[in-house]
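Descriptive structure summary
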Amino acid sequence: MKNRIGLALALLFIAPGVYAICSWFMLDARSQKASTLSYQSVLGLPELSFSKQILGLLLLGMAGIYIAARSKDGETGMVHWARIFLLILGAAECSMLAFSLM
């Protein structure tokens, strides 16, 4: 897979998890008693359980890390740093999501 296409796909897989984590932190900061339903409604899928949503985001994040790690054919300059940034962001996201599943 070419660098830019792979990195764009990796960003597409990592972005929903980052959005959900940031939204959950905002819910925690805004309200003292945020309910599970408010956490479930962040992604717009309140019919799925919270653990299934986290597991889905974790799998997407892991796929994003894999794609970012594999797209490194002849990279230079900014593409190299974008790949490193996506790897770090994906690893942080997956560790937070995995910790929340415990």
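Overview of the structure. Sequence order as written defines residue numbering, which begins from 1 separately in each chain. Reporting of local features is limited, given that this is a predicted model, to residues whose pLDDT is at least 70; pairs of side-chain atoms are given and counted only at 80 or more, and all residues count toward the totals for whole chains, interfaces and linings. The side-chain numbers reported here are obtained from all heavy atoms of the structure, hydrogens and water having been left aside.

Before going further, it helps to examine the packing of helix H1 (residues 3-30) against helix H4 (residues 77-101). When two helices pack together, their arrangement is given by the angle between the helix axes and the distance between those axes. Lines fitted to C-alpha atoms define the axes here, with helix axes fitted over just the stretch in contact, and angles between the N-to-C directions of these axes take values from 0 to 180 degrees. The numbering of helices and of strands both runs from the N terminus, where a helix is a DSSP run of H or I of at least 4 residues and a strand a run of E of at least 2. Following both chains from N to C, one finds H1 and H4 inclined at 35°, their axes separated by 9 Å at the closest point. As for how H1 packs across H4, the hand of that crossing is left-handed. For the pair H1 and H4, contact is made by Asn-3, Arg-4, Leu-7, Ala-10, Leu-11, Ile-14, Gly-17, Val-18, Ile-21, Trp-24 and Phe-25 and by Val-79, Ala-82, Arg-83, Leu-86, Leu-89, Gly-90, Glu-93, Met-96 and Leu-97, respectively. Classifying every residue of the contact of H1 with H4 gives 14 nonpolar, three polar and three charged. Should the near helix be turned counterclockwise from the far one by less than a right angle, the crossing is left-handed, whereas a clockwise turn marks it as right-handed. In what follows, residue pairs with any heavy atoms lying within 4.5 Å of each other are defined as contacts. Following the grouping adopted for this structure description, the nonpolar residues are Ala, Val, Leu, Ile, Met, Phe, Trp, Tyr, Cys and Pro, the charged ones are Asp, Glu, Lys and Arg, and the polar ones are all others, Gly among them.

Moving on, we come to H4. One fewer than the residue count of a helix, multiplied by 1.5 Å, yields its expected span. A rise of 1.5 Å per residue sets the reference length of H4, with its 25 residues, at 36 Å; its end C-alpha atoms lie 37 Å apart and thus fit the reference within 8%. Elements in contact with the buried residues of H4: H1 and helix H3 (50-70).

Before going further, it helps to examine H3. Helix length check: H3, at 21 residues, gives a terminal C-alpha distance of 30 Å against a target of 30 Å (1.5 Å per residue), a fit within 8%. Here the term buried applies to any residue with accessible area under 20% of the maximum for its type, exposed to any over 50%, and partly exposed to those in between, with areas from a 1.4 Å probe on protein chains only. Residues of H3 that are buried: Gln-53, Ile-54, Leu-57, Leu-58, Gly-61, Gly-64, Ile-67 and Ala-68.

Another aspect to go through is the nonpolar core. Take the buried Ala, Val, Leu, Ile, Met, Phe, Trp, Tyr and Cys residues and link them wherever side-chain atoms come within 4.5 Å; each set so joined is a nonpolar core. Within the largest apolar cluster, 11 residues are counted, these being Ala-20, Ile-21, Trp-24, Leu-27, Tyr-39, Val-42, Ile-54, Leu-57, Leu-58, Cys-94 and Leu-97. Where this core is concerned, the elements lending two or more residues are H1, H3 and H4. No other element matches the four residues that H1 contributes to this core. Here Cys-94 is in contact with Leu-58, Gly-61, Met-62 and Ile-65, once residues within four sequence places are set aside. Core analysis: the next-biggest nonpolar cluster, separate from the first, contains seven residues, Ala-10, Ile-67, Val-79 and Leu-86 among them.

Without other data, these values stay purely geometric and don't point to any function.
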